[in-house]
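Single-letter residue listing:
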Amino acid sequence: QVQLVESGGGLVQAGGSLRLSCAASGSLFSIKAMAWYRQAPGKQRELVAAITSAGSTNYADSVKDRFTISRDNAKKTVSLQMNSLKPEDTAVYYCNHSPLDSSVYYRPGYWGQGTQVTVSS
């Protein structure tokens, strides 16, 4: 059974930075893609960034050049560094573990419980 535990959310002013982390257990972490999704109130959950086991990345246009996804296969962690945050980045952020290993054609699998990110203007 795969378990994903996110941490690092919180409240930050516009222009600030936050770093989200996700720790995985019980999974074939090192050979599968991972991703971060987010869901704002009243909106659909959307893919923010994905990373393959080899480190190939894919980003939503809205976060390119501001967010960076990374992973540590030895520690089974995936992180999302978020810079130049905007109020529209406010959402619950979810870690996801794919059953496949593609970042461009990312297929969601297991979900974490989510962590709230709030950006004030």
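Residues numbered from 1 in each chain as written. Predicted model: local features only at pLDDT ≥ 70, side-chain atom pairs only at ≥ 80, totals over all residues. Heavy atoms only, no water.

S.K.: I'd like to hear about the pattern of salt bridges, residue by residue, with values.
M.R.: Under the definition given, this model contains 4 salt bridges. Across the pair K64 and D61 runs a salt bridge whose closest N-O atoms are separated by 3.2 Å. On the basis of relative accessibility, which here comes to 65%, the residue D61 falls in the exposed class. For D89, the salt bridge identified is with R66, shortest N-O distance 2.7 Å. Here D89 is found in the loop between β8 (77–82) and β9 (91–97), whereas its partner R66 is found in the loop between β6 (57–59) and β7 (67–72), with 23 residues between them in sequence. Classification of D89 by relative accessible area gives buried; the value is 1%. Taking relative accessible area as the criterion, R66 reaches 10% and is therefore assigned buried. Overlapping salt bridges, with partners in common, bring together R38, E46, R66 and D89 in one network. (Salt bridge = Lys/Arg side-chain N within 4 Å of Asp/Glu carboxyl O. Buried < 20%, exposed > 50% of the residue type's maximum accessible area, 1.4 Å probe, protein only. Helix = DSSP H or I, 4+ residues; strand = E, 2+ residues; numbered from the N terminus.)

S.K.: An account of the sheet that holds β8 is requested, with residue identities and associated values reported.
M.R.: One open sheet holds the 4 strands; their spatial order is β1-β3-β8-β7, and the pairing between them is antiparallel. Since the sheet does not close on itself, it has two edges, and those belong to β1 (3–7) and β7, each with one partner. With strand direction ignored, the average angle separating the axes of adjacent strands in the sheet is 15°. Note: β7 against β8, 6 bridges, orientation antiparallel. In the strand pairing of β8, S70 is matched with S79. (Pairing = 2+ DSSP bridges. Axes fitted to C-alpha atoms, helices over the stretch in contact; angles between N-to-C directions.)

S.K.: Would you mind going over unusual backbone geometry in detail, with residue names and values included?
M.R.: The phi dihedral of K76 is positive, around 55°, even though this residue is not glycine. Take K76: it is sitting in the loop between β7 and β8.

S.K.: Tell me about the state of the cysteines, and name the residues and values.
M.R.: This structure, assessed with the given rule, holds 1 disulfide. With a sulfur-sulfur separation of 2.1 Å, C22 is cross-linked through a disulfide to C95. In this structure the cystine formed by C22 and C95 twists about its S-S bond by roughly -80°; its chirality is therefore left-handed. Of the two residues, C22 sits in strand β3 (residues 18–25) while C95 sits in strand β9, which places them 73 residues apart along the sequence. You'll find C22 and C95 in the same group, each marked buried. (Disulfide = S-S within 2.5 Å.)

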